[in-house]
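Summary of the model geometry
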Amino acid sequence: MASPVGDIGLIGLAVMGQNLILNMNDKGFTVVCYNRTVAKVDNFLANEAKGTKIQGAHSIEELVSKLKRPRKIILLVQAGPAVDSFISQLEPHLEKGDIIIDGGNSHYPDSIRRTKELESKGLLFVGSGVSGGEEGARHGPSLMPGGSPAAWPAIKEIFQATAAQVNGEPCCDWVGETGAGHYVKMVHNGIEYGDMQLIAEAYDILKRGLGLHEDEIATIFERWNKGVLDSFLIELTANVLKFKDDDGEPLVTKILDQAGQKGTGKWTAINALDAGMPVTLIGEAVFARCLSALKEERIRASKVIAGPQKEAFRGDKKQFIDDLEQALYASKIISYTQGFMLMRQTAKDLGWNLNYAGIARMWRGGCIIKSVFLGDITAAYTKTPALESLLFDDFFNKAVHKAQPGWRRIIAQAVLWGIPTPAFSTALAFFDGYRAEVVPANLLQAQRDYFGAHTFRVMPGKENERLVAGKDIHINWTGRGGNVSASTYVA
Ligand code: 6PG
């Protein structure tokens, strides 16, 4: 039998799979493909893959037999049971050191489990985030691999060559242990939800607040795309707004205002709650999609609940639009600050060694949130790898201070108009909370102790005989309760 020629195998010939194969082929690698419905393999070879080095396989066994060792097989199938099913089909044909790579949007706990299971059998596992949609897969996605560290040297060349390149640097690096790759992809998606919601709120303010037409709004987004907001999502928004239906109306105005979601944003928000990290902007972005989904109920509410009297804008429109740009920028800084805080906490909780500059570099190109802004984040974490928060970085600290007055004016105006800005507003609330030396949690603690003897601690400098530093204190507030406290102090 001829010696194997395949550099890498790929299972799953849906749109992402096909495009990734063509991309890897362009970069000089020989890819062997397989699909559960094998007719798709022949169809792909006879059409899109015609004239390339791409090879097909009609069974898992044939696929494995065509691969060089250590064998590397990427799964691009639906996240969930399909991944486990293909892993168990592959296992009997693989040998020690072979690598299974899951490139779907898998939930990171599954990747943690799969890494452990495969490593216990002498195999290696990589859970890789793949972002950038069809276009990214074909011409250079952002790739976020994590899992068995021993797999990285074997896949590095293929992955880095296939990924998008920014200033000659690949948007792909080793993310970290076990589920770290899929974890970082999940946070990417959460941030994607946040960016999209912020843009949608800016659109709403420009349309319903200032009364601008989609064409005018598109021009504003095009201008913003040349400044600090320069990003794929701003660019595509301008294109969407300009796109006309056959009757000349902007198509976007005919799209039902009910947002779908596949769950990765929700996973990020749930993870933030579990980790105790105030990732409020992604949370609001997920809830805004939930609220949008209540279309019928909103229609009924709109008939019986009135907002403020709409007043025409009498201020300086140009200034207002500049303020809005700054509000969007500042809110975006907060969202990424929160996203990186979450990653830091999870890395600490799970013992991962995450490289934050590397993560920002992976997101600079290829993915949905790609932007110039991520270059600035890369710089911040390169300068200070252990940066506690982006707001402590000089560049972002100055940027957020500069944006602050406009950001406040926009939210104040939106509140007066009755236009909801959950993402802008929560970003500002976080900012004001984060920069506050004192927050009213003293009252919360008093309330908890009053009704449930949950105890509190004394503020430094306020100690006295009964308020002893470092001690869990219970006060008999009413004179009726006992002196027994409910539980220990958990901050
Ligand atoms: C990407 C995207 C992608 C995601 C979709 C859908 O990075 O290419 O994040 O992975 O699946 O954008 O997300 P929702 O359906 O949840 O909006």
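In short, a report on the structure. (Residues numbered from 1 in each chain as written. Predicted model: local features only at pLDDT ≥ 70, side-chain atom pairs only at ≥ 80, totals over all residues. Heavy atoms only, no water.)

**So, the overall build of the protein chain**
Using the following cut-off: In this description a helix means any DSSP run of H or I spanning at least four residues, a strand means any run of E spanning at least two, and both kinds are numbered starting from the N terminus. Note on classification: 1.4 Å probe, protein chains only; a residue is buried when its accessible area is under 20% of the maximum for its type, exposed when over 50%, partly exposed between these limits. Only heavy atoms matter for contacts: two residues are in contact if any of them lie within 4.5 Å across the pair.
When helices and strands are tallied, the protein chain shows 19 helices and 10 strands. Projecting the C-alpha coordinates of the protein chain onto the three principal axes gives extents of approximately 85 × 65 × 45 Å. Considering the protein chain as a whole, with its 491 residues, one finds that 49% of them fall into the buried category. Long-range contacts, defined as pairs at least 24 residues apart, comprise 68% of the intrachain contacts of the protein chain with a sequence gap of at least 6.

**Section: the sheet that holds strand β10 (residues 176–177)**
For sheets, the rule is that strands pair by backbone hydrogen bonds, running either parallel or antiparallel. Spelled out, the test is: Should DSSP find at least two bridges between two strands, the strands are regarded as paired. Here the axes come from fitting lines to C-alpha atoms, over the contacting stretch only for helices, and the angles between their N-to-C directions go from 0 to 180 degrees.
Across the sheet, which stays open at both edges, the 8 strands sit in the order β3-β2-β1-β4-β5-β6-β7-β10 with mixed pairing between neighbours. Across the chains shown, the open sheet's two edge strands, defined by having one partner strand only, are β3 (55–56) and β10. Bridge analysis of strand β2 (residues 31–34) against β3 gives 2 bridges, and the strand direction is parallel. Counted as the bridge partner of Cys-33 is Gly-56 from β3. Sheet strands in contact with helix α8 (residues 180–209) are β5 (99–102), β6 (124–131), β7 (142–147) and β10, and its direction is about 15° off that of β6.

**Some words on the packing of α8 against helix α11 (residues 264–275)**
When two helices pack together, their arrangement is given by the angle between the helix axes and by the axis-to-axis distance. Applicable threshold: Throughout this description, any angle smaller than 35 degrees is read as roughly parallel, any larger than 145 degrees as roughly antiparallel, any in the 65 to 115 degree range as roughly perpendicular, and the remainder as oblique. Classification convention: Asp, Glu, Lys, Arg as charged; Ala, Val, Leu, Ile, Met, Phe, Trp, Tyr, Cys, Pro as nonpolar; all other residues, Gly among them, as polar.
In the contact formed by α8 and α11, the axes pass within 8 Å of each other and the chain directions differ by 105°. The orientation of α8 with respect to α11, classified from their angle, is roughly perpendicular. Packed against α8, whose contacting residues are Tyr-183, Met-186, Val-187, Asn-189, Gly-190 and Tyr-193, the element α11 presents Thr-264, Gly-265, Trp-267, Thr-268 and Asn-271 at the interface. Residue classes in the contact of α8 with α11 are distributed as 5 nonpolar, 6 polar and no charged.

**Examining the site of the ligand**
Test applied: In these notes, residues near a molecule or strand are those with any non-hydrogen atom within 4 Å of it. For the purposes of these results, a polar contact is taken to be a pair of N or O atoms within 3.5 Å, where, inside protein, one atom must be able to donate a hydrogen and its partner to accept one; residues adjacent in sequence count only when each atom of the pair is a side-chain atom. What sets the accessible areas is the Shrake-Rupley method with a 1.4 Å probe; for residues, cover comes only from the shown protein chains.
Taken together, 14 residues sit near the ligand, with Ser-131, Lys-185, Glu-192, Tyr-193 and Arg-289 positioned nearest. The side chain of Lys-185 places a nitrogen or oxygen atom 2.8 Å from an oxygen atom of the ligand. At a separation of 2.9 Å, an oxygen atom of the ligand approaches a polar backbone atom of Lys-262. For the ligand, whose free accessible area comes to 420 Å², the fraction covered by protein is 79%. Broken down by element, the shell around the ligand gets its largest block of residues, 5 residues, from α8. Of the residues belonging to the shell around the ligand, the class tally is 2 nonpolar, 8 polar and 4 charged.

**With respect to unusual backbone geometry**
For the bond running from Arg-69 to Pro-70, omega is -10°, close enough to zero to count as cis. Even without glycine at this site, Thr-178 takes up a positive phi of about 35°. Here Thr-178 shows up in the loop between β10 and α8. In this structure Thr-178 comes out as buried when scored by relative accessible area, which is 17%. If you check the backbone angles, Thr-455 has positive phi at about 70° while not being a glycine. You can see Thr-455 is positioned in the segment after α19 (441–452). By relative accessible area, Thr-455 is classed as buried at 0%.

**What to know about the nonpolar core**
Counted only if it meets this: The definition of a nonpolar core used throughout is a set of buried Ala, Val, Leu, Ile, Met, Phe, Trp, Tyr and Cys residues joined through side-chain atoms within 4.5 Å.
Counting residues in hydrophobic clusters, the biggest one holds 87 residues, and the most contacted among them are Leu-206, Phe-221, Trp-224, Met-343, Trp-363, Ile-377 and Trp-407. Take this core: its biggest share by element is 15 residues, from helix α14 (residues 317–350). In contact with Trp-363, not counting residues within four places along its chain, are Ser-142, Met-144, Val-184, Val-187, His-188, Ile-191, Phe-340, Met-343, Ile-369, Lys-370, Ser-371 and Leu-374.

**A few points about the side chain of Arg-364**
With respect to the helices, strands and loops of the structure, Arg-364 is situated in the loop between α15 (356–363) and α16 (373–383). In this structure the side chain of Arg-364 is engaged in a polar contact, spanning 2.7 Å, whose partner is the side chain of Glu-169.

**Brief notes about the packing of α14 against helix α17 (residues 394–417)**
Keep this limit in mind: Rotating anticlockwise by less than a right angle from the far helix to the near helix defines a left-handed crossing, while the corresponding clockwise rotation defines a right-handed one.
Contact pair α14 / α17: the axes reach a minimum separation of 6 Å and the direction vectors enclose 120°. Classed by the angle they form, the pair α14 and α17 counts as oblique. The way α14 lies across α17 gives a crossing that is left-handed. Together, Gln-319, Phe-320, Asp-323, Leu-324, Gln-326, Ala-327, Tyr-329, Ala-330, Ser-331, Ile-333 and Ile-334 of α14 and Phe-395, Phe-396, Ala-399, Val-400, Lys-402, Ala-403, Gly-406, Trp-407, Arg-409, Ile-410, Gln-413 and Trp-417 of α17 make up the contact between the two elements. Along the lines of polarity and charge, the residues of the contact of α14 with α17 split into 15 nonpolar, 5 polar and 3 charged.

**What to know about the pattern of salt bridges**
For the record, the criterion: Salt bridges are defined by distance alone: a side-chain nitrogen of Lys or Arg within 4 Å of a carboxyl oxygen of Asp or Glu.
Under the criterion given, the structure shown has 31 salt bridges. For Arg-435, the salt bridge identified is with Asp-432, shortest N-O distance 2.9 Å. One network of salt bridges, in which partners are shared, links Asp-84, Asp-102, Asp-110, Arg-113, Arg-114 and Glu-117.

**Some remarks on the packing of aromatic side chains**
Rules: Working definition: a ring pair exists when centres of Phe, Tyr or Trp rings (six-membered ring for Trp) sit within 6.5 Å. Plane angles under 30 degrees give stacked, over 60 give edge-to-face, the rest tilted. Counting as a charge over the ring demands two things of the Lys NZ or Arg CZ atom: a distance within 6 Å of the ring centre and an angle within 35 degrees of the ring normal.
Scanning the model with the defined rule gives 21 aromatic pairs in all. Arranged with centres 6.2 Å apart and planes meeting at 45°, the rings of Phe-392 and Tyr-434 form a pair that is tilted. Here the residue Phe-392 occupies a position in the loop between α16 and α17, and Tyr-434 occupies one in helix α18 (residues 422–434), the gap between them amounting to 42 residues. Accessibility expressed as a relative area gives 33% for Tyr-434, which makes it partly exposed. For the cation-ring pair, Arg-289 lies above Tyr-193, with the distance from its terminal atom to the ring centre recorded as 3.5 Å. Taking the ring centre of Phe-232 as reference, the NZ or CZ of Lys-370 above it sits at 5.0 Å.

**Considerations on the pairing of β2**
Selection criterion: Seen with its strands pointing away from the viewer, a crossover is right-handed when the path leading from the first strand over the helix to the second is clockwise.
The alternating pattern of β2 places Val-31 and Cys-33 on one face and Val-32 and Tyr-34 on the opposite face, and all of these are buried. Pairing of strand β1 (residues 8–11) with β2, which is carried by 4 bridges, proceeds in the parallel orientation. Bridge pairing links Ile-8 to Val-31 in β2. Regarding topology, helix α2 (residues 39–46) serves as the crossover connection from β2 to the parallel β3, and that connection is right-handed.

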